[in-house]
Every structure is written in structure tokens, then in C-alpha cells.
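Architecture at a glance
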Amino acid sequence: MSISFTNATEVFIFILLCSTYVCSCLWVYGDATTRDLGHKGAILPLIFIIAAALFLTMNLSWPLIVWPIGFIAWFMLRPTATHVIDE
Amino acid sequence: MLEKMLKDHIVAKPGFNRWLTAPAALGIHLCIGSVYAWSLFNPSLIKRLGVVTSAADDWSLKSVVWIFTVAIVFLGLSAAVAGKWLEKVGPRMVGALAAICWGGGFIIGGIGILTGQLWLLYLGYGVIGGIGLGLGYVSPVSTLIRWFPDRRGMATGLAIMGFGGGAMIAKFMIEPFIKIFYKAPEYLGTIDAITLTTDETGRRFAEIAGQLKEVVVVGANDVANMLVPGDPGIYVVGTGTVGVAQAFFTLGAIYFVIMMIAAFSYRVPAEGWKPAGWEPPPEDKQNAMISKHHVHIDEALKTPQFYQLWIVLCFNVTAGIGVLAVAKTMMNEIFGSTLPDIVDFGFASTYVLMISVFNMCGRFVWASASDYLGRRNTYWIFFTLGIILYCSIPYTAQQVSVNPSIVWLVYFYAATMIIFTMYGGGFATIPAYLADIFGTKYVGGIHGRLLTAWSSAGVFGPLAITSLREISVKNAINDLVDKIDPSTFQVKFGAGIDQLDQLVAAKTVTINKLMEIAPIGTVDPTPSLYNTTMYLMATILFVALVANALMKPVNPKHHMKE
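What comes next is a walk through the structure. (Residues numbered from 1 in each chain as written. Chains lettered and ligands numbered in written order. Predicted model: local features only at pLDDT ≥ 70, side-chain atom pairs only at ≥ 80, totals over all residues.)

Turning our eyes to something else, we now look at the interface of chain B and chain A. Interfaces are often described in size by the accessible area the parts lose on coming together. Between chain B and chain A, the contact holds 27 residues from the first and 24 residues from the second. Contributions of two or more residues to the side of chain B that touches chain A are made by helix 9 (297-300), helix 10 (304-338), helix 15 (452-483) and helix 19 (531-549) of chain B. The leading source of residues in the side of chain B that touches chain A is helix 15 of chain B, at eight residues. Broken down by class, the residue content of the side of chain B that touches chain A amounts to 13 nonpolar, eight polar and six charged. (Contact = placed C-beta atoms within 7 Å. Helix = DSSP H or I, 4+ residues; strand = E, 2+ residues; numbered from the N terminus. Nonpolar A, V, L, I, M, F, W, Y, C, P; charged D, E, K, R; others polar.)

All names here are of chain B. For helix 4 (residues 91-115), built from 25 residues, the straight-helix expectation of 36 Å at 1.5 Å per residue is met to within 8% by its first-to-last C-alpha distance of 35 Å. Within helix 4, 19 of the 25 residues are buried, leaving the element largely enclosed by the surrounding structure. Following helix 4 by one or two positions, glycine 116 has its phi on the positive side, about 75 degrees. (Expected span 1.5 Å × (residues − 1). Buried ≥ 20, exposed ≤ 12 C-beta atoms within 10 Å, placed from the backbone.)

Attention shifts here to unusual backbone geometry. Residue and element names in this part refer to chain B. Even without being glycine, valine 51 reaches a positive phi, approximately 65 degrees. By the secondary structure assignment, valine 51 is in the loop between helix 2 (42-45) and helix 3 (61-89). A count of 28 C-beta atoms within 10 Å places valine 51 in the buried class. Unlike most non-glycine residues, alanine 209 shows phi in positive territory, near 50 degrees. If you trace the backbone, alanine 209 turns up in the loop between strand 3 (204-208) and strand 4 (211-218). Judged by local crowding, alanine 209 falls into the exposed class, with 5 C-beta atoms found within 10 Å.

We now examine the nonpolar core. All names here are of chain B. Residues Met259, Leu313, Leu434 and Leu541 are the most contacted members of the largest nonpolar core, which totals 175 residues. Here this core gets 18 residues from one element, more than from any other, and that element is helix 10. When neighbours within four sequence positions are excluded, leucine 434 is seen to be in contact with Leu309, Val443, Ile446, His447 and Leu450. One finds Leu480, Leu503, Val509 and Leu514 within the second-largest nonpolar core, a separate group that totals five residues. (Core = buried A, V, L, I, M, F, W, Y, C linked by C-beta atoms within 7 Å.)

Listed below in C-alpha cells is the structure:
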């Protein structure tokens, strides 16, 4: 994988974006589990991660497009019922 | 048999000494911490066939260094996935599986080395071994926190200290094992005495008893790089053994046995157990950051606190990787050239050893101190002190190049060692912080998922460091070229400034070579090459500082109902 940066600000933004990306995948997974989607809930974050890795090899801007689309799609498609897991 | 490994079957009887769980946890972490010694295998792996020097079909360094990164990525992924399972089955089952994966990973990796299958080495050590790392790392955390509710930080610091010290112990096993199993290849004679032929692929052959056999040539300058000292001359490829596969098998067996004994030593406290005479702190304003409630693993992922702690861990590790990556180079390049009487090879080697020692000690000291300081305050110290120290390092490097005084060396040494203690301390204090925020019930599982922060830092941290270094070198070269007369440049490099990019790519033009033709009085930019890295790391720490400062108790809506 080769990503070229021209200055430190770009590197800083890259780190922030990567962190946001991973955290959003974790959040979607947690949200899916508390909506009783079980293992199916893991599929969307997995698609996010694989897509990001694939797109990152092509161009830095591609994951930035994929991520918000996937995230908005999740908000539209997720089940409405949620619950706090009890003991 | 398997049932006896489950959580319900390992509940300690009344009167069990809780301190007996600490050596078990430490044992597992010392074994898996040897992953940090991966670089010790590299010189042998790239001489698998040639033994005395690399043969044509030997693996390149570039192809084996990524195995470590794969292992760290799988550490985070397996810890994240297995965290929930850990809370269900208990630490013994997870610890035993960790022993199988870590020990088995070495065995599979060893088979890969013997058979020359690089993918088996990646699968064995990187993937399966990496899974063993993740399982082993999280297995004792929640158990220790439950045994030591009065000193959570000290307990987890004790275990995670082992991870920092594992590489030091591994060093004393890996090198002797490789030497024990090493077998020098067949020596044919000196270079002058043997007639060699070279084929179209560049391989070299010698005729032995009417047959052409591939050989490697060890020149006088290559002797210093031999694993075991030998004579310069011609050696037959494939007739010796580098010993690394056998070392893998031996280490795998040793780690498996130790980790199994440790896993079978795990005991969990009975429900509701607490140390004699200890009462949980009252839930008042003073102890607001220590929750008495529990948050489920999956629910924790929906709280902002989880992501704040994710940032705290990830950015602390990224900044630590940043300084780890450049500290040794800075010591050699900057202080080695300005204070050569003090900073010699021995001094630099001791400095590298001290990095491991301070990293290890920081894990125990800072985590134990957090029991008294409070977790948020401990990280507040890490980040504020860290920002000051990171920002001061460029000034130190600049000053020592202008005024070579030992004061700057002492300051640099002390500053980097404090940073390394905080790097280790960040790892060791986070489980106790999680227990304070999310309760102790699922802390092992939540900790496992938080370790994705480590995996992320392990990937994009080095990526960022490499990029920053390239940017700094490029800028420094451009600045120097602007000051140099084009005709002098043409004479020195045999090409014009218009071909600068190609000359830099071919390593024909470097900062040192440009300094040779730079006008008198031009300041050498080498000490300032790391400034951007240090300032960026300080900025990253500032983001972590804000995330930590905004930490509040979890909203009660996320608490589990009792």
C-alpha cells in the first residue's frame, strides 16, 4: 500500500479519519447487536473494513465516499427496536 | 475434560491466596510478550538456504518484516472477537487456547521455515500466533480486576508488565537456541582456490565431483554479518542449517508448557467475593468516576466513553511508536556525531536496552500509581507531560548540534525514558480505567474490543512516521539545493538540478552529499528532520488529552439491570 502525503497536516487528518472509520465500524457492530441482529450485524462493519482496505490501495478519497454512504445506509436499514441487554 | 476448564469449575475455595493468580497472569504475558523480539529472527530468516549469507532463493527482509504487523493486527482482532466468549467460558479456557495458538503458531511457522513456505510462516506466527497473542493478552485482565478490586491498576499493571518484559527474556533464549541448532554449510575453500560459474539469473555454481552445485560467496566484509563467525570463502547452498526452524519448535514447546501451566493456575473469585476488611468506595462525588454498575460488552460500544478511551489508547500508542521509531536513530545520528566520545556503540546498545526496561517498569509503576492518583488524572499527566517533552525534543536536538554539551544528552535521555514509561503505562492502566467506567462484569470483553485501537495504531502509526520522514528529507534536500550553485551540483553528481527527483530516488543525492558542496555556514538539516514527527505526535497527544478531559460517568440508561 502506498499513500503519499505532502505535509504533516495531511498525515494528521489521515490518522483522524482512520480512527473515525474504525470507531464507526465498532459503533455499527454494537448498534446491530443491541437490535438483535446477532452475527448478521457483523456483516456491515466487515464490508466497511474490507471496502476501506481495497479502496485505500487505489485512492485515499474512495474510502471517504464509501464510509458516509454505508453509514447513512445503516441508519436507513437498521431495525427500529432497540434494548438494553440485561443479565 | 473441557467442562473442567469452564468458569464455573475454577471458582476458588475460601481461603485461596489471591496473589497466586498474579504469577499465572505474568507467566502468560511474559510468553506472548516475546512477539516484540521478532526482529531477532530476521537475520536468520533471510539466510535460510545460504546460512552464511543470503542465497538467491532466500526470503528478502521486506517479505518477512510484515509478519510482526500481521501478528499485532490479529492480536487486536482476536481480542475484540473473543472478548465476549472470555466472559462466558472464563480465563482458563481462553488461556489454554492461547497456549495452543501461540505454541502451535511457532510450530506451524517452523514447518514453514523448514519447507520454505513463506505463507505457512505468515499463517503460523502471524495469524494463528497473533490470535494466541490476543487471547493470552485479555485472558487474565478481568480475573485480576475481580481479585484485586482494591488495587485494580496494580494488578493489571503487574500482568501487562510481563508483556513489556517478554522481549528481554526472549532475547536470552532466541539467540542461544539459534546458535545451538546452527550448522555451518559445507566449506569448499577460499575464493581464489575455487572456479565459479555464474548463470543468467546471477546464481553462482562450483563444480564438485563432476556436478554443478549452487554456492554462496562470503567476502571479507560479509564475515561480520555471519550468524556464527566463520571463514570467508565459498559455501554450498542447502548443506547447512540456520537453526531458526528448530528454535521455533523449541520456543513453541516451551511457551506452550508455560502458558498451559499458567492457564491451569487461574482461579476466579466466588460471586460477591471481596478482600477481607475492604469495602467498595461510596458512590459519592469524589468517586464519581468509579462505577458500581455494569455495562454489557455490546452496549459499551454505544457509549461515547468507549470511543474516548479508544482515542486515549490509540493516540498514546501512536505517539509512543513515533518516538520509538526515531529515538534510536536520533541518538546515533545526532548525539553520536556531536558527542562521539560518549555516544559510542556500547552507549547506544545500553540506550536500546533501557528503552525496554523503562517501558516495562512504566507499566507497573504508572498503573499502580493510578490507584491513588485516579485513572483520569494519570492520563492527564501522560498527555500534558508528554506534549511538553515531545515539543522539547526538537529544541534539544538543535541545541546539541550548535553547542555539543552533555547537558542536552542527559535531557534527551531522561525525556525519552519518561516518554517510554508513559507509553507502557498507557497500556497497563487502561483495563483499570475500563473497570472504573464500565464496571467489572464484562471488563475483559470490553478491553478486548478496545485493543482494536492498538491494531489501528500499529498499522497507521508506522505509515505516518515513514511519510513524515520522507516529507522532511525531501524538504531539506530542496532547501539545500536552493543554496548550492547549479554548476557545482552538475560537477558533483554528473547531472543537472532538473534531474533531482531521479537522483534522490537512486540515492545518488543525499543530505550528507549535498552538505559536502553546500556553502560554508550552511546549517546541517539532519537534527531537524524529526521535528515534524515530534510536533505531530504532540498534536495527537493533545487530541487524546481532550478526549480524556471530557470523560464522564456512563449514562445510567446503558447500565445493566440488576
